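Each chain, written out:
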Amino acid sequence: MATTAHREPVAPAGTPALGAADRLGLYEHMLLMRRVEEKGLSLYKQGKIPGSFYDGRGQEAIGVGATWALAAADVVCSPLIRDLGAHLVRGTDLASIFAHYMGRENELSHGREGNVHFGDRRLGVVGMVSMLPDMMVVACGCALSFRMRGEDRCALTFFGDGATSRGDWHEAMNWAAVDALPVVFVMENNHFAYSTPGSKQFKVDPIERAAGYGIASDSVDGNDPEAVFAAVHRARARGLEGGGPTLIEAVTMRMHGHGAHDSAEYAADLVAEWAERDPLDRYRTLLEADGLDPEPVAAAVEERIAAAVAAALAAPLPDPASAASGVFATGEPEPLGPGRAPWSGYREP
């Protein structure tokens with residue numbers, strides 16, 4: 001099947017009921033991601049963030065919606081370049097995120113890493129590596145360990161459409177299928193691998209490859225947080241019931257360049273088209289139509305960001321004498337702790 005840039009996703013069925021608190025929570029974390037990254041881009045342009053800066057504008061519904069469907073004991077391996085929302089849903093400290101961006105002392109990286117490379121194992125978030133589909137293998141390892149220990153937990157990982165061209169993507173798909181692992185693969189199909197469009201990456205849509213591995217698949221509107229939530233909810237249940245992994249395609253668009261250094265002129269036409277499908281604008285309109293008021297949520301987000309930036313700017317730079325400490329693992333590894341499980345609906349024990 002030849003790939004098409006404008007294929008419409010299949011609408012999910014059987015969406016679990018989400019109450020007002022959950023729906024406002026989804027909006028809050030999507031908006032928080034948008035505002036954090038807008039502030040980060042501003043700080044980068046002021047010279048306060050070294051290197052480059054990466055953001056996920058237009059993809060907020062995926063990380064937020066997917067992580068909202070997880071239980072506290074589940075593991076995210078890992079939020080990638082465009083998945084800050086997953087960190088926020090799991091409860092990663094906002095001031096520490098800004099301090100991490102600016103290379104200042106913080107509890108996530110102690111100033112030793114840059115930009116998107118961070119995680120918080122205390123919250124069940126495994127930090128990313130730049131060879132993005134490698135995190136699929138890590139997620140498979142986590143899922144296998146849950147199986148071996150008899151734990152009712154699943155692992156979830158994100159990657160882009162470009163990652164499906166790498167060998168480790170295929171290795172992880174095959175491993176997960178053969179061992180029927182409780183793992184959820186979320187592919188963010190944003191139409192580009194850096195500047196290479198899907199039409200020049202593959203002749204068969206990645207979602208169609210799932211059947212070749214014996215893996216269940218689901219294609220959803222990646223700009224709809226409730227559709228993403230529903231797909232991950234189903235996939236998680238399938239995995240824990242012994243049905244194996246699921247490949248979820250979240251169809252979306254990257255509204256900025258690969259990073260702050262990329263003008264993305266090659267995607268100008270698609271960016272203009274997808275601007276009409278902005279996930280925040282669409283979801284806010286939907287909430288208001290259903291009688292919910294997002295304004296108090298928006299005001300609280302602005303206050304949180306202002307406080308977090310102030311705290312991060314006040315944080316000291318790391319002590320150069322400590323550069324070698326904490327680099328190598330010693331002793332027993334710290335277990336992956338529980339994150340937040342914000343969904344207020346029925347949860348299996």
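The coordinates are above.
### Some words on the overall build of the protein chain
Point 1. Within the protein chain, the regular secondary structure consists of 11 helices and 8 strands.
Point 2. Against the 2.2 N^0.38 benchmark of 20 Å for 349 residues, the protein chain shows a C-alpha radius of gyration of 19 Å, consistent with a compact globule.
Point 3. Expressed as lengths along the three principal axes of its C-alpha atoms, the size of the protein chain is roughly 50 × 50 × 40 Å.
Point 4. Burial analysis of the protein chain (349 residues in total) assigns 51% to the buried set.
Point 5. In the protein chain, the share of contacts with a sequence separation of at least 24, taken over all contacts with a separation of at least 6, comes to 77%.
Point 6. Only carbon and sulfur atoms are counted for the fraction: they give 55% of the accessible area of the protein chain, which is about 14,600 Å².
Point 7. Charge separation in the protein chain, taken as the distance between the mean sites of 31 positive and 47 negative side-chain charges, equals 2 Å.

### Structural notes on the pairing of strand E8 (residues 246-251)
Point 1. Judged by how many residues are buried, E8 sits mostly within the fold: 6 of 6 residues are covered.
Point 2. Relative to E8, strand E4 (residues 183-189) runs parallel, the two being bridged by 6 bridges. In the sheet register, Val186 faces E8, and the bridge partner there is Ile248.
Point 3. Pairing of strand E7 (residues 216-221) with E8, which is carried by 6 bridges, proceeds in the parallel orientation.

### Side note on the sheet that holds E7
Point 1. Strand order in the open sheet formed by 6 strands is E2-E1-E3-E4-E8-E7, with parallel pairing between adjacent strands. At either end of the open sheet lies a strand with only one pairing partner, and these are strand E2 (125-126) and E7.
Point 2. Direction of pairing for strand E1 (residues 75-77) relative to E2: parallel, over a ladder of 2 bridges. By the bridge assignment, Cys77 is partnered in E2 with Val126.
Point 3. The strands touched by helix H8 (residues 225-240) within the sheet are strand E3 (155-160), E4, E7 and E8, with E7 carrying the most contacts at an inclination of about 165 degrees.

### Side note on the packing of aromatic side chains
Point 1. A complete count under the given rule lists 7 aromatic pairs for this structure.
Point 2. Ring centres of Trp169 and Tyr213 lie 6.4 Å apart, and the angle between their planes is 80 degrees; this geometry places the pair in the edge-to-face category. Of this pair, Trp169 sits in helix H6 (residues 167-178) while Tyr213 is found in helix H7 (residues 206-213), placing the two residues 44 residues apart along the sequence.
Point 3. For Trp169, a relative accessible area of 0% puts it in the buried group.
Point 4. The exposure class assigned to Tyr213 is partly exposed, which follows from its relative accessible area of 24%.

About the cut-offs
- Residues numbered from 1 in each chain as written.
- Predicted model: local features only at pLDDT ≥ 70, side-chain atom pairs only at ≥ 80, totals over all residues.
- Heavy atoms only, no water.
- Helix = DSSP H or I, 4+ residues; strand = E, 2+ residues; numbered from the N terminus.
- Rg over C-alpha atoms; globule rule 2.2 N^0.38 Å.
- Buried < 20%, exposed > 50% of the residue type's maximum accessible area, 1.4 Å probe, protein only.
- Contact = heavy atoms within 4.5 Å.
- Areas by Shrake-Rupley, 256 points an atom, 1.4 Å probe, with all protein chains shown as cover.
- Lys, Arg positive; Asp, Glu negative; His and termini not counted.
- Charge placed at Lys NZ, Arg CZ, Asp CG, Glu CD.
- Pairing = 2+ DSSP bridges.
- Axes fitted to C-alpha atoms, helices over the stretch in contact; angles between N-to-C directions.
- Phe/Tyr/Trp six-rings, centres within 6.5 Å; stacked < 30°, edge-to-face > 60°.

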